[in-house]
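Examining the three-dimensional arrangement
Here is how the chains run, residue by residue.
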Amino acid sequence: IAAGIIANQPSQSSPILILSENLRAHFLEVGLSHVRIESLYDLYEIYCKSEYGASTLDKLTFELSVLCGNIVLIVDGLDELASLLQERFDLLSFLASIKTLHSQLGTTQIVLTTRDSKLISQTQLSEFGMAHYELLGFDEGDWTTYARRRFRGLPYFESISEKLYKLLSALKLKEEGRIIPFFVDVVSNVLESDFSDPESGAFEMNWKPTPYPSNNELLDHIIHSVVRRELRRHKIEIKAKDVI
């Protein structure tokens, strides 16, 4: 999205991409005691401190640039920020600050991404005047395309692609037959280490109920299977349920 903005509107809009994973690393280093996010500028200020050590724009200049559409803000991983900061992140005040900016000229451009579709309800989004888009996951055709692009330089291209397809075909997908790309990436990472180190033993999905409290949904089975496999690979004598 950021690259598209630069390519299509080079003189009009400048994108600012705020990655939650970068902020997470920053908070691990400096702590959370000083953090409080109640507005769009609060998030921008923390982002600048994590990247540059200080804010590059004062609040008035930043908000004027945003409401005029000169700055397009992209926040990747809103759910991760909410989970990490919890009560230090006032989500409703944050969204209200965006609505206030947009209501002035109607040219504010902000993109918020989240893997948790329940983080903000449809009712809340409509109240804040925000459009909601749910991206489709990978279907069977996408699995093949993804494997071809990701594994094509590997000597065991055919074998690993076949194993990926077999594993994904066994997943208990929803009716639409799609899977979140993040899951495909997780399984692909494990398979790559399997094929590069055959001595570690093959990765297999375990569909039995987890030996610890969980929803026993797709993600829970993937986590349990990956942890079991890593414990076996590293020869660590700890049960998966104890690690979890």
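Details of the structure are given in the entry above.
The following refers to the structure shown. (Residues numbered from 1 in each chain as written. Predicted model: local features only at pLDDT ≥ 70, side-chain atom pairs only at ≥ 80, totals over all residues. Heavy atoms only, no water.)

**Focus: unusual backbone geometry**
Phi is positive for N216, which is not a glycine, with a value near 55°. With respect to the secondary-structure elements, N216 resides in the loop between α10 (181–196) and α11 (218–233). The class of N216 is partly exposed, set by a relative accessible area of 31%. The backbone of K235 shows a phi angle near 55°, a positive value even though the residue is not glycine. In this fold, K235 is placed in the loop between α11 and α12 (240–243). (Helix = DSSP H or I, 4+ residues; strand = E, 2+ residues; numbered from the N terminus. Buried < 20%, exposed > 50% of the residue type's maximum accessible area, 1.4 Å probe, protein only.)

**Some remarks on the environment of C68**
Residue position: C68 is located in the loop between α4 (59–67) and β2 (71–76). Residue class for C68 comes out partly exposed when judged on its relative accessible area of 35%. Separated by 41 residues in sequence, C68 and Q109 have C-alpha atoms that sit 9.0 Å apart. Setting aside residues up to four positions removed in sequence, C68 forms contacts with L105 and T107. (Contact = heavy atoms within 4.5 Å.)

**Focus on the pattern of salt bridges**
Applying the stated criterion to the full structure yields six salt bridges. With a closest N to O distance of 3.8 Å, D139 and R178 form a salt bridge. On the criterion of sequence distance, the pair formed by D139 in the loop between α7 (122–127) and α8 (140–151) and R178 in the loop between α9 (157–170) and α10 is long-range, its members being 39 residues apart. The partner of E230 in a salt bridge is R229, and the shortest N-O contact between them spans 2.5 Å. A cluster of three or more residues bridged by salt bridges with shared partners is formed by R150, D185 and E192. (Salt bridge = Lys/Arg side-chain N within 4 Å of Asp/Glu carboxyl O.)

**Re the sheet that holds strand β3 (residues 109–113)**
Spatially, three strands are ordered β1-β2-β3 in an open sheet, and the strand pairing comes out parallel. Of all the strands in the sheet, just β1 (14–19) and β3 have a single pairing partner and so form its edges. Taken over all neighbouring pairs, the strand axes of this sheet differ in orientation by 10° on average, direction set aside. Of the pairings in the sheet, the one linking β2 to β3 comprises five bridges and is parallel in character. Within β3, the position partnered with V75 by the bridge is L112. Its contacts with the sheet put helix α2 (residues 20–30) on β1 and β2, and the angle it makes with β1 is roughly 55°. (Pairing = 2+ DSSP bridges. Axes fitted to C-alpha atoms, helices over the stretch in contact; angles between N-to-C directions.)

**Let's talk about α8**
The end-to-end C-alpha separation of α8 is 16 Å, in line with the 16 Å expected for twelve residues at 1.5 Å each. Among the residues of α8, those classed as buried are W143, Y146, A147 and F151. Viewed along the axis of α8, the buried residues span an arc of 100°, placing them on a single side of the element. Contact partners of the buried residues in α8: α9 and α10. The residue sitting at the N-terminus of α8 and contributing the capping side-chain oxygen is D139; that oxygen lies 3.2 Å from the backbone nitrogen of G141. (Expected span 1.5 Å × (residues − 1). Arc of directions from axis to C-beta. Polar contact = N/O pair within 3.5 Å; in protein donor to acceptor, adjacent residues only side chain to side chain.)

**Structural notes on the state of the cysteines**
Using the criterion set out here, one finds zero disulfides in the structure. As a non-bridged cysteine, C68 has C48 as the owner of its nearest cysteine sulfur, 18 Å distant. (Disulfide = S-S within 2.5 Å.)

**A look at the environment of F203**
Tracing the backbone through its elements, the reader meets F203 in the loop between α10 and α11. Separated by 13 residues in sequence, F203 and N216 place their C-alpha atoms 19 Å apart. Excluding its chain neighbours within four sequence positions, the residues that come into contact with F203 are K163, L167, V190, D194, S225, V226 and R229.

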